Amino acid sequence: MSHINDVLKGSIVAMVTPLDTQGRVDKAGLRKLVDYHVAAGTSAIVAVGTTGESATLSHQEHVDVVLATLEFAEGRIPVIAGTGANATNEAVWFTEQFENSGVAACLTVTPYYNRPSQEGLYQHFKVISENTALPQILYNVPTRTGCDMLPATVARLAKLDNIVAIKEATGNLSRVNEIKTLVNDENFILLSGDDASALDFTLLGGKGVISVTANVAAAEMAQMFDLALRGDFDRARVINNQLMDLHHTLFCEPSPSPVKWACHQLGLIAEQTLRLPLLPLTEAGQNTVGRAMKTAGIR
């Protein structure tokens, strides 16, 4: 447990998956991104989370990108595998692919579209937990899934041995205290999934963020959460205020279109290619994100 506590803190990037002009995974670009995050001090990488376009990669591509990220990391930075699916047996299958692979944990989003009940959510994650020894991070993002995992359900799941954390992306800061009150385990880790409110989330007892902004402001995000976890919220807030426009504008159009465009502008990825039904950032979106990058001092 102490090892996973060391991994799940600070600025963890929800890393984009670079694609070439033909829409194929760009392995050279992936290596470049991993090196960028190692150099910037990012705490860990989430490979093929939802920002990594898990919804449009094939199952084999999904597995290959996680394993390639592990290979390129060379033990320099922990890698967390995205393993979510809206069918329980599919989520179990993804999780099984990374058993004994070296991943630090799995991040599993709540099932999307089918909108399971709270009991359905409990049974879904319970079955996954029973089929792996890997640490599991719950991921709640109701604006994207149509499904909200309530704090009482989180508390039930936290009793299972290998469910160790939650990425709470509602942006509702009252959830921090609700979950902490209901979960009778001081080792259970709360991570924000909403960049704009993540610093306040940490002030209330969270341990960090799984971040989209960290794709393009990795060093700034790492420094901000290092300060926050040392209790220096005044200096952390100065950085956060500088990044606030960026936190918001990276979602001005469907993600990860804005963040891929920003990565391309910084030379972090060669192309800003996405797969349909996702589209490249519009000219209006480019102007919006470009201004926010300038305000943040990263362009």
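Source: prediction; values computed, not measured.

Caption draft 1: Quick peek at the packing of aromatic side chains. In this structure the tally under the stated criterion is one aromatic pair. When the centroid spacing of 5.2 Å and the interplanar angle of 70 degrees are considered together, the rings of Trp93 and Phe94 count as edge-to-face. Judged by relative accessible area, Phe94 falls into the buried class, the value being 4%. Looking at Arg156, its charged tip hangs above the ring of Tyr122, at a distance of 3.7 Å from the centre.

Caption draft 2: Representation of the pattern of salt bridges in the model. Applying the stated rule across the entire model yields 12 salt bridges. One salt bridge in this structure joins Lys126 and Glu130, with 2.6 Å as the shortest N-O distance. Remark: Glu130 and Lys126 occur in helix H5 (residues 118–130); sequence separation between them is four residues, near one turn of the helix. Residue classification places Lys126 among the partly exposed residues on the basis of a relative accessible area of 24%.

Caption draft 3: Expanded view of the state of the cysteines. The full count for this structure, using the stated rule, is zero disulfides. Looking at Cys106, it has no disulfide partner, and the nearest cysteine sulfur is the one in Cys147, 19 Å off. With no disulfide of its own, Cys263 has Cys252 as its nearest cysteine by sulfur position, at a separation of 14 Å.

Caption draft 4: The sheet that holds strand E7 (residues 189–192), seen in detail. Pairing within the closed barrel is parallel, and its eight strands lie in the order E1-E2-E3-E4-E5-E6-E7-E8. The mean inter-strand angle of the sheet, taken between neighbouring strand axes irrespective of direction, is 25 degrees. In this structure, strand E5 (residues 136–140) lies alongside strand E6 (residues 163–168), joined through five bridges in parallel fashion. If you follow Gln136 over to E6, its bridge partner there is Ile163.

Caption draft 5: Layout of helix H12 (residues 257–265). Along H12, seven of the nine residues are buried, which leaves the element largely enclosed by surrounding structure. Within the sequence span of H12, burial applies to Ser257, Pro258, Val259, Lys260, Trp261, Ala262 and Cys263. Taken together, the buried residues of H12 touch helix H11 (233–249) and helix H13 (283–296). Looking at the residues trailing H12, positive phi occurs at Gly267, about 80 degrees.

Caption draft 6: Local environment of the packing of helix H2 (residues 27–40) against helix H3 (residues 59–73). Between H2 and H3, the least distance of the axes is 9 Å, while the angle of their chain directions is 50 degrees. Considered as vectors, H2 and H3 are oriented oblique to each other. Of the two elements, H2 crosses H3, and the hand of that crossing is right-handed. In this structure, H2 contributes Lys27, Leu30, Arg31 and Val34 to the contact, and H3 contributes Asp64, Val65, Ala68, Thr69, Phe72 and Ala73. By residue class, the composition of the contact of H2 with H3 is six nonpolar, one polar and three charged.

Caption draft 7: Representation of the side chain of Asn240. In this fold, Asn240 is placed in helix H11. Residue class for Asn240 comes out buried when judged on its relative accessible area of 3%. Polar contacts involving the side chain of Asn240 include one to the side chain of His247, which spans 3.0 Å. The residues touching Asn240, leaving out its near neighbours within four places in the chain, are Asp195, Ala196, Leu199, Met224 and His247.

Caption draft 8: Examining the UniProt feature "active site" (unreviewed entry) in the protein more closely. UniProt's entry tags Tyr139 and Lys167 with the feature "active site" (unreviewed entry), counted in the numbering of this structure. The annotated residues occupy 29 residues of the chain but converge on a single region, no pair of C-alpha atoms lying more than 4.7 Å apart. Mapped onto the fold, Tyr139 is located in strand E5. Taking relative accessible area as the criterion, Tyr139 reaches 7% and is therefore assigned buried. Other than its neighbours up to four places away in sequence, Tyr139 contacts Thr50, Leu107, Thr108, Val109, Thr110, Lys167 and Ala169. Turning to its location among the elements, Lys167 is positioned in strand E6.

Conventions and cut-offs
- Along every chain, residues carry numbers that run from 1 in the direction the sequence is written.
- A pLDDT threshold of at least 70 governs which residues receive local features in this predicted model, and a stricter bar of 80 or more applies before side-chain atom pairs are shown or counted, although totals over entire chains, interfaces and linings include all residues.
- Excluding hydrogens and water, the side-chain figures rest on all heavy atoms present in the structure.
- For Phe, Tyr and Trp, rings pair up if their centres lie within 6.5 Å, where Trp contributes its six-membered ring, and each pair is then called stacked (planes under 30 degrees apart), edge-to-face (over 60) or tilted (otherwise).
- A simple rule labels every residue: compare its accessible area, found with a 1.4 Å probe on the protein chains alone, to the largest value its type can have, and call it buried under 20%, exposed over 50%, or partly exposed in between.
- Look at NZ for Lys and CZ for Arg. If either is within 6 Å of the ring centre and within 35 degrees of the ring normal, a charge sits over the ring.
- Salt bridges are counted wherever a side-chain nitrogen of Lys or Arg sits within 4 Å of a carboxyl oxygen of Asp or Glu.
- Runs of E in the DSSP output that reach at least two residues are strands. Runs of H or I that reach at least four are helices, and both are numbered from the N terminus.
- The term disulfide is used for any two cysteine sulfur atoms that are within 2.5 Å.
- Only strands joined by at least two bridges in the DSSP assignment are considered to pair.
- In this analysis an axis means a line fitted to C-alpha atoms, helices contributing only their contacting stretch, and an angle means the value between N-to-C directions, from 0 to 180 degrees.
- The contact criterion used throughout is that any non-hydrogen atoms of two residues lie within 4.5 Å.
- We call two directions roughly parallel when the angle between them is under 35 degrees, roughly antiparallel when it is over 145, roughly perpendicular when it lies between 65 and 115, and oblique otherwise.
- The crossing is said to be left-handed when, going from far helix to near helix, the turn is anticlockwise and less than a right angle, and right-handed when the turn is clockwise.
- When residues are sorted by character, Ala, Val, Leu, Ile, Met, Phe, Trp, Tyr, Cys and Pro go into the nonpolar class, Asp, Glu, Lys and Arg into the charged class, and all the rest, Gly among them, into the polar class.
- Here a polar contact is recorded for every N or O atom pair within 3.5 Å, except that within protein the pair must consist of a potential hydrogen donor and a potential acceptor, and residues adjacent in sequence are included only if both atoms are side-chain atoms.
- UniProt positions are given in the numbering used here, feature names are shortened, and annotations may be inferred rather than shown by experiment.

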